[in-house]
Structure formats: structure tokens, C-alpha cells
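# Coordinates in review
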Amino acid sequence: MEFGTIEREIYIEASPEIVFEVVSSPDHLKEWWPDDARYEPAPGAAGEIVFGDRDAGGAVVSFTVVDVRPPRTFSFRWTHPAGEVAAEGNSLLVTFDLTPSGGGTLLKMTESGFREMGWEAAVLEQQYREHVTGWDFYLPRLAPYVATLWVRP
């Protein structure tokens, strides 16, 4: 296994415009992924996402928006050291690409940059596997959350 890129695709019964809001807006993001999210959904905006309780040892993770092209693409870099500018080699790049499909949206999530982090082999494998486990847990929560927002005509 090369531990380079994670790719997942899911179908969501909603328009790309709705799905875009759910993957780009911090208020929506924290309903299906982190416990808290603080950032502006604009290119270059820096912020953070939090897993767990911030005041009880939760993981606060740096987050920088890279690309915002409604309703097709939203990408960000994360996991870079606090106080550093997110770039290849110190952070992972996550991209959500949205494509209309039937009456809904095909979402393709790609996370890359693992090999560029310079980790030793064992750390690379551990980080990659942890992220696979995370995405496999969180991404399936996206469609049911979208269904609570949107009523079919």
C-alpha cells in the first residue's frame, strides 16, 4: 500500500448547491464531522476545527481554506502546526468535488499529502490508517444530515 491518497465517493439526494453548503459552511460541517468549526469559507481563510471538548483535552486542528468554487469544489488544508502557514509538506489537502448526478450529487472526497509530510514509515502508515478510519466513519453521516435539511417536492 502506498499510503498517499484517500479517495471516497458517496451519492447524496440533494442538489450540488445544498451539498456545497454542507461541506463548506462551518455551521453545517460541525453537524456531521468535527464537534466545532471556526473559519470563513473563503480562499486563504485560516481557522480551526475541534474534535471533542476544547476545554477537556479535545483535539484542536489548524484548518486553512484553499479553494471555494460553488457549487462544485471546496478544498482545505489541515493538520499543519499552529502558527504555520499551511503548505504542501506540513499539511494534508482535502478536496470535495461535487458533480450533479440524477436528482442528486456525487461527492468525491480526496485527501492527499501523506507522503509529503516526511513522516517515518510507521508514522505514515498509522496516520493514513487513522484518516481512513475517520473518513469511513464521518462521510456516511453526510447524506443523513443533508436529508434533515431538505424536503423533496
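Keep in mind that this is a model prediction, so the values were computed, not measured.

Analysis parameters
- Residues numbered from 1 in each chain as written.
- Predicted model: local features only at pLDDT ≥ 70, side-chain atom pairs only at ≥ 80, totals over all residues.
- Heavy atoms only, no water.
- Buried < 20%, exposed > 50% of the residue type's maximum accessible area, 1.4 Å probe, protein only.
- Helix = DSSP H or I, 4+ residues; strand = E, 2+ residues; numbered from the N terminus.
- Arc of directions from axis to C-beta.
- Contact = heavy atoms within 4.5 Å.
- Pairing = 2+ DSSP bridges.
- Axes fitted to C-alpha atoms, helices over the stretch in contact; angles between N-to-C directions.
- UniProt positions renumbered as here; feature names shortened; annotations may be inferred.
- Left-handed = near helix turned anticlockwise from the far one by under 90°.
- Nonpolar A, V, L, I, M, F, W, Y, C, P; charged D, E, K, R; others polar.
- Expected span 1.5 Å × (residues − 1).

## Quick look at helix 4 (residues 142-149)
Helical geometry: 3.6 residues make up each α-helical turn, so side chains three or four residues apart lie on a common side. By the burial criterion, the buried members of helix 4 are Leu 142, Tyr 145 and Val 146. Looking straight down helix 4, one finds that the buried residues subtend no more than 100° of arc, so they occupy a single side. Exposed side of helix 4, more than 90 degrees from the buried face: Ala 147 and Thr 148 are the residues found there. Packing partners of the buried residues in helix 4 comprise strand 1 (5-12), helix 1 (16-24), helix 2 (26-32), strand 7 (104-112) and helix 3 (121-138).

## Points about the pairing of strand 7
Pairing geometry for strand 1 and strand 7, over eight bridges, is antiparallel. Bridge pairing in strand 7 links Glu 7 to Thr 110. As judged from the nine bridges shared by strand 6 (residues 92-101) and strand 7, these two strands associate in the antiparallel manner. Residue pairing in the sheet places Thr 99 in a bridge with Leu 106 of strand 7. In this antiparallel pair of consecutive strands, strand 6 and strand 7, the connection spans two residues, and Gly 102 shows a positive phi of 60°.

## A look at the sheet that holds strand 5 (residues 73-78)
Read from one edge of the open sheet, seven strands run 1-7-6-5-4-3-2, paired in antiparallel fashion. Since the sheet does not close on itself, it has two edges, and those belong to strand 1 and strand 2 (36-38), each with one partner. Neighbour to neighbour, the strand axes of the sheet diverge by 20° on average, direction disregarded.

## Examining the UniProt feature "domain: Activator of Hsp90 ATPase homologue 1/2-like C-terminal" (unreviewed entry) in the chain
UniProt annotation of "domain: Activator of Hsp90 ATPase homologue 1/2-like C-terminal" (unreviewed entry) refers to residues 14-146 when read in the numbering used here. Between the C-alpha atoms that bound residues 14-146 there is a distance of 7 Å. The span itself is 29% helix and 34% strand.

## Describing the packing of helix 1 against helix 4
Between two packed helices, the angle of one axis relative to the other and the distance separating the axes together describe the packing. For the pair helix 1 and helix 4, the least separation of the axes is 11 Å and the interaxial angle reads 115°. Note on packing geometry: the crossing formed by helix 1 with helix 4 is right-handed. Contacts from Ile 18, Val 22 and Val 23 in helix 1 reach Leu 142, Tyr 145, Val 146 and Leu 149 in helix 4. Across the contact of helix 1 with helix 4, the residue classes tally to seven nonpolar, no polar and no charged.

## Comments concerning unusual backbone geometry
Put simply, Pro 70 and Pro 71 share a cis peptide bond, and its omega is -10°. Of note, Pro 71 is situated in the loop between strand 4 (59-69) and strand 5. Although it is not a glycine, Phe 3 sits at a positive phi angle of roughly 55°. Here Phe 3 is to be found in the segment before strand 1.

## Description of helix 3
With 18 residues, helix 3 extends 26 Å between its outermost C-alpha atoms, agreeing within 8% with the 26 Å of an ideal straight helix rising 1.5 Å per residue. Listing the buried residues of helix 3 in full gives Leu 124, Tyr 128, His 131, Val 132, Trp 135 and Tyr 138. Seen end-on, helix 3 carries its buried residues on one side only, within an arc spanning 145°. For helix 3, exposure combined with an orientation more than 90 degrees from the buried face picks out Ala 122 and Thr 133.

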